[in-house]
Amino acid sequence: MMEDLFSATGFRLAEPWWLLLLPVVAAARLLLFRRKGRAMMFPGVAGLRSSGLAAFPFWTNLPAWLVLASLLLALLSLARPQAVEADAGASKGIDIVLALDISDSMAEPGFGGRSRLEAAKDVALRFVASRPKDRFGLVLFRGKSFTQCPLTADHRVLGMLLGAVTPDAISDEGTAIGSAILVSTNRLRASVSPERLLVLLTDGEHNTGEIGPVTAAELAVREGVRVYAIGALADGAGKGRESLSEKDGELNEGVLRKVARITGGRYFRASDRQGLREAFREIGEMQGARFGDAASTRRVELYPWLLFPAWGLLAAGLVLGNTRLMRIP
């Protein structure tokens, strides 16, 4: 608690308990400037003044002030002041592309009366808002894929584009998961971030496109892209040819798991809105453990800048107090 009291942005005291000795410095001041109770008349004062030994209160007290200042600086140095600098890597954030399936089945109700697409958009927007340091991009896919929003730190613009997404953005039928991974990887190729992430959300099995999901994942690995795949399955929802349904044999979770495993990511299955929230929450926590929440500050010790002047002031006070500014009671 004491440490938090003396901590501030960009500055902290590692051992603030030493400041409890400040009353000792105050007591030292009383001792150094204490007046004598008795005095003796000296008949040769006029002669001393004519010789240039006139008494000036400030100069006669200067040695005591120097010693007092040295004690104060020494005490502050014992408290170990530190400059706290933010880690450049952590403050830079990471680059994330959201690849969103907008097939017709995503528009079907099932997540608490809302469509999977609307629920996914809402949860994704909350995820973006929770990571203000990261850059985000948006890729939409159905029978083909395209970039709706390139990587940007302007989350307001991304939010507007994501909020306006509808299945009508692409007319091609089917679900081209491989194409979505490839387009997202190409968007992340020019990234200079130390961590590149693709969050792929779909409710359909890959059934079209010129490149398969596994092949696309192997290309993503070469570019340092990590894929987190989310399968959105609404229980009791329609079982069209693009929907995830184990009974239809069209839920190929094995492919999504393999894509995630190849790239060092993870597969999540979400059957409701809460499942989507949990998937995004775990993705954020895993990335924090890998990158964002690592040691993100650097501390520079400042006590030498106080300790050495303290020694200098003490030496000056003792020398002057015993030579030119010596006091005779």
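Conventions and cut-offs
- Residues numbered from 1 in each chain as written.
- Predicted model: local features only at pLDDT ≥ 70, side-chain atom pairs only at ≥ 80, totals over all residues.
- Heavy atoms only, no water.
- Buried < 20%, exposed > 50% of the residue type's maximum accessible area, 1.4 Å probe, protein only.
- Helix = DSSP H or I, 4+ residues; strand = E, 2+ residues; numbered from the N terminus.
- Arc of directions from axis to C-beta.
- Contact = heavy atoms within 4.5 Å.
- Pairing = 2+ DSSP bridges.
- Expected span 1.5 Å × (residues − 1).
- Axes fitted to C-alpha atoms, helices over the stretch in contact; angles between N-to-C directions.
- Parallel < 35°, antiparallel > 145°, perpendicular 65-115°, else oblique.
- Left-handed = near helix turned anticlockwise from the far one by under 90°.
- Nonpolar A, V, L, I, M, F, W, Y, C, P; charged D, E, K, R; others polar.
- Polar contact = N/O pair within 3.5 Å; in protein donor to acceptor, adjacent residues only side chain to side chain.
- Core = buried A, V, L, I, M, F, W, Y, C linked by side-chain atoms within 4.5 Å.
- Phe/Tyr/Trp six-rings, centres within 6.5 Å; stacked < 30°, edge-to-face > 60°.

### Some words on helix H10 (residues 253-263)
Argument step 1. When H10 is considered as a whole, its buried residues turn out to be Glu-253, Leu-256, Val-259, Ala-260 and Thr-263. Down the axis of H10, the sector holding all buried residues measures 125°, keeping them to one side.
Argument step 2. Taken together, the buried residues of H10 touch helix H8 (177-189), strand S8 (196-202), helix H9 (213-222), strand S9 (225-232) and strand S10 (266-270).
Argument step 3. Within two residues after H10, Gly-264 carries a phi angle of roughly 85°, on the positive side.

### Examining the pairing of strand S6 (residues 135-141)
Argument step 1. The element S6 is largely enclosed, with a buried count of 6 among its 7 residues.
Argument step 2. As defined by bridge partners, strand S3 (residues 95-101) adjoins S6 across 7 bridges and the pair is classed as parallel. When the sheet's bridge partners are listed, Asp-101 is paired in S6 with Phe-141.
Argument step 3. When S6 meets strand S7 (residues 145-152), the two strands line up antiparallel, connected through 5 bridges. Bridging from a neighbouring strand, Phe-136 pairs with Thr-152 of S7.
Argument step 4. The turn joining S6 and S7, which pair antiparallel and follow one another in sequence, is formed by 3 residues.

### What about H8?
Argument step 1. Taking 1.5 Å as the rise per residue, H8 with 13 residues should run 18 Å; its terminal C-alpha atoms sit 18 Å apart, in good agreement.
Argument step 2. Restricting attention to buried positions, one finds in H8 the residues Ile-177, Gly-178, Ser-179, Ala-180, Ile-181, Ser-184, Thr-185 and Leu-188.

### Some remarks on the packing of H8 against H9
Argument step 1. Two elements in contact, H8 and H9, have axes separated by 7 Å at closest approach and are oriented at 15°. When the axes of H8 and H9 are compared, the pair comes out roughly parallel. Regarding H8 and H9, the two cross each other, and that crossing is left-handed. Counting all contacts with H8, which are made through Ile-177, Gly-178, Ile-181, Leu-182 and Thr-185, the residues of H9 involved are Pro-213, Ala-216, Ala-217, Leu-219 and Ala-220.
Argument step 2. Across the contact of H8 with H9, the residue classes break down as 8 nonpolar, 2 polar and no charged.

### Quick word on the side chain of Thr-185
Argument step 1. The topology assignment puts Thr-185 in helix H8.
Argument step 2. A polar contact of 2.7 Å, which involves the side chain of Thr-185, links it to the backbone oxygen of Ile-181.
Argument step 3. Residue contacts for Thr-185: discarding those within four places in its chain leaves Leu-219, Ala-220, Glu-223 and Val-225.

### What about the nonpolar core?
Argument step 1. With 34 residues, the main nonpolar core has Leu-98, Leu-100, Leu-201, Ile-230, Leu-276 and Phe-280 as its most contacted residues.
Argument step 2. Where this core is concerned, the elements lending two or more residues are S3, helix H6 (116-129), S6, helix H7 (155-163), S8, S9, S10 and helix H11 (273-292).
Argument step 3. The leading source of residues in this core is H6, at 7 residues.
Argument step 4. For Ile-230, the contacting residues outside a window of four places in its chain are Val-199, Leu-200, Leu-201, Thr-202, Tyr-267, Phe-268, Ala-270, Leu-276, Ala-279, Phe-280 and Ile-283.
Argument step 5. The next biggest cluster of nonpolar side chains, apart from the first, holds 22 residues, and it includes Leu-151, Leu-188, Leu-200 and Ala-229.

### Quick look at the packing of aromatic side chains
Argument step 1. A complete count under the given rule lists 2 aromatic pairs for this structure.
Argument step 2. On the basis of an interplanar angle of 85° and a centroid distance of 6.0 Å, the ring pair of Phe-127 and Phe-136 is categorised as edge-to-face. We note that Phe-127, like Phe-136, is buried.
Argument step 3. Note on Phe-127 and Phe-280: the rings are 5.1 Å apart at their centroids and 50° apart in plane angle, and the pair reads as tilted. In this pair, Phe-127 is assigned in helix H6 and Phe-280 in helix H11, connecting sequence segments 153 residues apart. For the residue pair Phe-127 and Phe-280, the accessibility class agrees, reading buried in each case.
Argument step 4. The structure contains a cluster of three or more aromatic residues connected by ring pairs, namely Phe-127, Phe-136 and Phe-280.

### Focus: the sheet that holds S8
Argument step 1. One open sheet accounts for 6 strands, arranged S7-S6-S3-S8-S9-S10; its pairing is mixed. Every interior strand has two partners, whereas the edge strands, S7 and S10, have only one. Between one strand axis and the next, the sheet turns through 15° on average, direction left out of account.
Argument step 2. Contacts from H7 reach S3, S6 and S7, with the element oriented near 15° to S6.

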